[in-house]
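# Observations on the three-dimensional arrangement
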Amino acid sequence: FLFYSAIDSSINKKDKKIITSYNSMMIDAMFYVGRYDKKYENMALKSIEKLTKLAYRDFKLYHFEEVEAFFDDYAFFATALLSAFRSNNDEIYLIEAQKIINEALEKFYKNGFWSFSTTKYNTEAKAKDEIYTSAIGVMVKALKEISKYLKDEKYSHFASKTIQYNSYNTIRETLPHATLMIEYF
């Protein structure tokens with residue numbers, strides 16, 4: 001993970017891939033813990049800066065190296081940027097989050113439906129929390145949050161449409177859809 005390099009550059013990493021979604025999740029968690037211990041907030045700020053330089057190049061977000069980002073990379077990266085904004089009110093993070101969310105809407109969203117990728121094997125993103133938190137639930141939260149910050153209802157509209165599209169399964173199977181369910185209410 002990238003965040004280790006912000007802590008200690010001498011750590012020997014076996015897997016050198018820097019995966020945007022996983023690192024974004026960790027950075028978001030560090031911002032959360034940073035509310036109670038400032039050293040984690042400082043590590044999170046260093047990590048989000050480094051991840052932004054590595055993952056967002058040539059006006060494109062990357063999953064890792066030269067692989068273009070998937071929907072979950074956009075969702076988790078936007079959330080980490082919003083956490084950075086909440087942490088220190090630096091509007092550059094809000095602007096970056098808005099850019100990432102807008103790109104995600106353009107690439108992956110259609111009528112409440114989110115695609116996982118933009119390849120010819122276009123698959124639907126999952127609303128269920130499985131191995132990790134559902135990217136759809138995370139994106140809905142990011143949409144609602146940025147709507148509040150920017151006072152722009154269009155983001156709330158996309159969040160509502162996503163919730164409507166997924167409502168049948170979310171209500172039927174509450175626990176596996178916990179992240180989306182929290183945003184439902």
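Above this note sits the structure.
Fair warning: this is a prediction, and the values are worked out from it, not measured in the lab.

Right, let's get into the packing of helix 2 (residues 20-34) against helix 3 (residues 38-55). Helix-helix packing is described using two parameters, namely the angle between the two axes and the distance between the axes. Contact geometry for helix 2 and helix 3: axes closest at 7 Å, N-to-C directions at 155°. Comparing their axes, helix 3 and helix 2 come out roughly antiparallel. Crossing of helix 2 against helix 3: the hand is left-handed. Contacts between helix 2 and helix 3 involve Thr-20, Asn-23, Ser-24, Ile-27, Met-30, Phe-31, Val-33 and Gly-34 on the former and, on the latter, Lys-38, Tyr-40, Glu-41, Met-43, Ala-44, Leu-45, Ser-47, Ile-48, Leu-51 and Ala-55.

So, on to helix 6 (residues 135-150). Over its 16 residues, helix 6 extends 22 Å from the first C-alpha to the last, a length consistent with the 22 Å expected when each residue adds 1.5 Å. Buried within helix 6 are the following residues: Ala-135, Ile-136, Gly-137, Val-138, Met-139, Val-140, Ala-142, Leu-143, Glu-145, Ile-146 and Ser-147. Its side-chain oxygen at 3.2 Å from the backbone nitrogen of Ile-136, Ser-134 defines the N-terminal cap of helix 6. Backbone geometry just after helix 6 places Lys-151 at a positive phi near 55°.

Another aspect to go through is a nonpolar patch on the surface. Together, Tyr-32, Val-33 and Tyr-36 give the surface a local cluster of nonpolar side chains, amounting to about 350 Å² of exposed area. Among the secondary structure elements, Tyr-32 is positioned in helix 2.

Moving on, we come to the pattern of salt bridges. As enumerated under the stated definition, the model contains seven salt bridges in all. A salt bridge links Arg-57 to Glu-66; the nearest nitrogen and oxygen atoms lie 3.2 Å apart. Judged by its relative accessible area of 22%, Arg-57 falls in the partly exposed class. Each of Lys-60, Glu-68 and Lys-107 takes part in a single network of salt bridges with overlapping partners.

In this section: the packing of helix 4 (residues 71-88) against helix 5 (residues 91-108). It is the contact of helix 4 with helix 5, at a shortest axis distance of 8 Å, that shows an interaxial angle of 160°. The pairing of helix 4 with helix 5 is recorded here as roughly antiparallel in orientation. Regarding helix 4 and helix 5, the two cross each other, and that crossing is left-handed. Between helix 4 and helix 5, the residues in contact are Phe-71, Tyr-74, Phe-77, Ala-78, Leu-81, Leu-82, Ala-84, Phe-85 and Asn-88 and Glu-91, Tyr-93, Leu-94, Glu-96, Ala-97, Ile-100, Ile-101, Glu-103, Ala-104, Lys-107 and Phe-108, respectively. Looking at the contact of helix 4 with helix 5, its residues break down into 15 nonpolar, one polar and four charged.

The rules behind these values
- Residues numbered from 1 in each chain as written.
- Predicted model: local features only at pLDDT ≥ 70, side-chain atom pairs only at ≥ 80, totals over all residues.
- Heavy atoms only, no water.
- Axes fitted to C-alpha atoms, helices over the stretch in contact; angles between N-to-C directions.
- Helix = DSSP H or I, 4+ residues; strand = E, 2+ residues; numbered from the N terminus.
- Parallel < 35°, antiparallel > 145°, perpendicular 65-115°, else oblique.
- Left-handed = near helix turned anticlockwise from the far one by under 90°.
- Contact = heavy atoms within 4.5 Å.
- Expected span 1.5 Å × (residues − 1).
- Buried < 20%, exposed > 50% of the residue type's maximum accessible area, 1.4 Å probe, protein only.
- Polar contact = N/O pair within 3.5 Å; in protein donor to acceptor, adjacent residues only side chain to side chain.
- Patch = residues over 30% accessible without salt bridge, like charges linked within 9 Å, V, L, I, M, F, W, Y side chains within 5 Å.
- Areas by Shrake-Rupley, 256 points an atom, 1.4 Å probe, with all protein chains shown as cover.
- Salt bridge = Lys/Arg side-chain N within 4 Å of Asp/Glu carboxyl O.
- Nonpolar A, V, L, I, M, F, W, Y, C, P; charged D, E, K, R; others polar.

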